[in-house]
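Now for the letters of each chain:
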Amino acid sequence: MRPSHRQPDELRAVSLERAVVKYAEGSCFVKFGDTHVLVTATLEDRLPPWLKGQARGWVTAEYGMLPRATSERTRRESSAGKQSGRTVEIQRLIGRSLRAVVDLEALGERQITVDCDVIQADGGTRTASITGAWVALHDCLAWMKARDMLRGEVLRDHVAAVSCGVHNGLAVLDLDYAEDSQADTDANFVLTGKGGIVEIQGTAEREPFSEAQFLALLALARKGVGRLVELQKMAVM
């Protein structure tokens, strides 16, 4: 039995609350159990210098954790003077995941910046961020459509993410912090609504994992992302 007493293929309680920030073009407050992330999507009439004149836009992301998102206070990275390698890795992952389902030419020469701020962390902050970021991005694009700023469909598909791991020899879905810290293997899967693979991050914390175990994790991830995509669809109806 896993420490959380959930079934191996059971997600934590997930919620996606839209339009929670007054000023942002799109926003979502996403909860994966006790992991809570506030996501906003901001439209900006600017582009990275290397993209100017290419008749396409850009979607990028920033990620951060509040000092008391964890059991002990973590120093703000702004006061330290630089972002950690973990922060840079996660925000790049979020940006890549969103761009995988965006038609950048249809977006036009604009940038959408997605900010993911972790309010409370209990494992899976990057997967919750990606799942909620799709909702915030969807609403930002809807805001643009309502103002006749887009000529075609920008979003080509859903994208969502979930963690999986091997705990006491058992493949389990959506690890919380207690499970993740004890897992023999942990992985993050970013998949599209159509089942395409955007990114897989997998690590053997102790003994190397087998191909059979990897395929078991992938099967769990597909089930989990399928459920998350259904929740996204319900949220934006």
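Note that the coordinates shown come from a computational prediction; the quantities given were computed from them, not determined experimentally.

1. Things to note about the sheet that holds strand β7 (residues 170-173)
Thought 1: With antiparallel pairing, four strands are arranged side by side in an open sheet as β7-β6-β8-β9. Because the sheet does not close on itself, it has two edges, and the strands there are β7 and β9 (197-204). Averaged over all pairs of adjacent strands, the angle between their axes in this sheet comes to 15°, without regard to strand direction.
Thought 2: As judged from the eight bridges shared by strand β6 (residues 159-167) and strand β8 (residues 185-192), these two strands associate in the antiparallel manner.

2. Some details on the nonpolar core
Thought 1: Counting 62 residues, the largest nonpolar core has I94, I112, V114 and L141 as the members making the most contacts within it.
Thought 2: No other element matches helix α4 (residues 125-146), which puts ten residues into this core.
Thought 3: Contact partners of I94, with chain neighbours within four places excluded, come to A61, Y63, C116, S129, I130 and A133.

3. Description of the packing of aromatic side chains
Thought 1: On inspection of all chains with the given rule, the structure shows two aromatic pairs.
Thought 2: Seen from their ring centres, W50 and W58 are 5.0 Å apart, and the 85° between their planes marks the pair as edge-to-face.
Thought 3: Residue class for W58 comes out buried when judged on its relative accessible area of 16%.

4. Some remarks on the UniProt feature "domain: Exoribonuclease phosphorolytic" (unreviewed entry) in the protein chain
Thought 1: Following the UniProt record, one finds the feature "domain: Exoribonuclease phosphorolytic" (unreviewed entry) at residues 10-140 and 159-224.
Thought 2: In residues 10-140, helix accounts for 30% and strand for 31%; the two terminal C-alpha atoms are 31 Å from one another.
Thought 3: Across residues 159-224, the secondary structure splits into 30% helix and 44% strand, with the terminal C-alpha atoms separated by 12 Å.

The rules behind these values
Residues numbered from 1 in each chain as written. Predicted model: local features only at pLDDT ≥ 70, side-chain atom pairs only at ≥ 80, totals over all residues. Heavy atoms only, no water. Pairing = 2+ DSSP bridges. Helix = DSSP H or I, 4+ residues; strand = E, 2+ residues; numbered from the N terminus. Axes fitted to C-alpha atoms, helices over the stretch in contact; angles between N-to-C directions. Core = buried A, V, L, I, M, F, W, Y, C linked by side-chain atoms within 4.5 Å. Buried < 20%, exposed > 50% of the residue type's maximum accessible area, 1.4 Å probe, protein only. Contact = heavy atoms within 4.5 Å. Phe/Tyr/Trp six-rings, centres within 6.5 Å; stacked < 30°, edge-to-face > 60°. UniProt positions renumbered as here; feature names shortened; annotations may be inferred.

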